[in-house]
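Working through the structure, step by step
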Amino acid sequence: MIKTLISIGLWAALGWLIGSWLGANIGWGLFSFGLVCMILVSGLQLSRISRWVKDIESPPPPSLGPWDEVLAPIYRKLRKDRDNIAMMQRHVDGIMLAAEALPDGAITLNESMQLTWCNQTASEHIGLNLETDRNHSILNILRAPEFARYARQHQWPGPILLHLQNDNQEKSLLVQLTPYGVGQFLIVTRDVTQVEKLETTRKDFVANVSHELRTPLTVLSGFLETLRDMPAESLSAEQKARYQNMMLEQAQRMQAIVADLLTLSTLESSPTASGEPVEMADIIHKALQQGQILSEGQHVFVENIAQDLCVTGIETELASAVSNLLTNAIRYTPKDGTITVSWYLTESGHACYSVQDTGIGIASQDLPRLTERFYRVDRGRSRATGGTGLGLAITKHVAMRHNAELTIHSRFGAGSLFSLTFPPSRLAR
Ligand code: ADP
């Protein structure tokens, strides 16, 4: 404003000076010319300003005379606001990324329990599609009746466990609803399918172990009671010997189960060690010697063993896997059957230990379950031959700890082929 007044004053002074020299008309003319020039310059500046307003993100044009003082603080404020907005946007983006990175599902709902946002994990847990499900009531999306009952409560002190079918998969979800802000709700979902499975496995395992031990214990205590209650002279020496043998058998069965359980738990709890070179041929020969004793000359053994083929591993574990497969072949192959034991290098550079028998074989529906603990196709036969139902579970564990693969090929009534294949990285020589 002051600059404008000074300019008008200068033109008026110039007009008065020239007017008093060349006449009043020329003075007034010069003054009017000055004013017109000022108006024209102002118009030009305004048009530059209006061009700048269209692209307000860029700095204002320079040399706008009196407008500089107006535009400079506006532009400074604009820039500060822009920086603040960018900072807040980064903050919001960070929060959104953190919410996406949560291992749990997160869903936000408005006061009518309609979906406003959810992270990727929640989409996977519940099968949500944010684009199509936004603004729909969660009660229409998550249709489990127990969830509807839970959501209609007024307080949610704890989570609810839901079993949902999603993509043909049964999922167990822990769902917790929490109010926040003004009339808004947060749902947190946690996938506990694995935890539940582990818990079921643990319960089954305890039940199985108890069951396995209860039978021999019942038999043992039955005999002991009989012996205690009967007068000593009422039993013949032959009867006594028979009872004692039966008791010994049951005690040995329990011993075998406990020994196998200990082996399994050691395998599960000890860290995988790379081990050292193991002379597999020696181990297999020893297992064969023991196998022939167990066979009592009832089977034909065929050996096909590479002498100098070694793998890196833990000798005791490998010995137990080698002998488990061989004793199984003997126990499940009737008299006069043939058992072929091989240890060789495959064309692809893998080392393979295989035991083939001409025994009773295994039906295809049983094959996938053979390595489960205590799974037996024929309980009676397994027990009669001193089986614990843990041999293949141990063998599979040993295989895993040596990066090896246990494969089973069998047909009911037509014999079986069990193989342990070690990767080339495990070859010691
Ligand atoms: P078990 O102590 O009962 O032999 P394993 O874990 O070693 O336990 O084997 C599980 C089951 O697999 C056995 O009960 C048996 O039914 C079956 N099985 C294992 N090896 C053979 C085989 N060579 N031929 C037929 N069946 C077998």
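What comes next is a walk through the structure.

What counts, and at which threshold
- Residues numbered from 1 in each chain as written.
- Predicted model: local features only at pLDDT ≥ 70, side-chain atom pairs only at ≥ 80, totals over all residues.
- Heavy atoms only, no water.
- Pairing = 2+ DSSP bridges.
- Helix = DSSP H or I, 4+ residues; strand = E, 2+ residues; numbered from the N terminus.
- Axes fitted to C-alpha atoms, helices over the stretch in contact; angles between N-to-C directions.
- Contact = heavy atoms within 4.5 Å.
- 1 Å grid on protein atoms, 1.4 Å probe; cavity = no way out; pocket = protein on both sides within 12 Å on 5 of 7 lines; lining within 4 Å.
- Points joined across faces, edges and corners; volume = space filled by probe spheres on them.
- Nonpolar A, V, L, I, M, F, W, Y, C, P; charged D, E, K, R; others polar.
- Domains from an automatic or database assignment.

**What about the sheet that holds strand 10 (residues 351-357)?**
Read across the open sheet, the five strands follow the order 7-9-10-12-11; overall the sheet is mixed. On the outer flanks of this sheet lie strand 7 (300-305) and strand 11 (405-410), each paired with one strand and no other. Strand after strand, the sheet turns through a mean of 10° between neighbouring axes, direction not considered. Note: strand 11 against strand 12 (residues 416-422), six bridges, orientation antiparallel. Note that in strand 12 the partner of Ile408 across the bridge is Phe418. Along the sheet face, helix 10 (residues 280-295) touches strand 7, strand 9 (338-345), strand 10 and strand 12 and points at about 180° away from the line of strand 7. Each of strand 7, strand 9, strand 10, strand 11 and strand 12 touches helix 11 (residues 315-331); the most contacted strand, strand 10, lies at about 20° to it.

**Let's talk about the layout of surface pockets**
By volume, the largest pocket is sized at about 770 Å³. Residue lining of the largest pocket: 35 residues in total, with Asn324, Asn328, Arg331, Tyr332 and Gly387 positioned closest to the centre. For the lining of the largest pocket, the elements supplying multiple residues, two or more each, are helix 9 (237-269), helix 11, helix 12 (379-384), helix 13 (391-401) and strand 12. Here the lining of the largest pocket takes seven residues from helix 11, the largest share from any one element. Taken together, the residues of the lining of the largest pocket break down into 14 nonpolar, 15 polar and six charged. No fewer than three residues from each of domain 3 (201-269) and domain 4 (276-428) sit in the lining of the largest pocket.

So, to be careful, I would describe these as geometric facts and stop short of saying anything about function.
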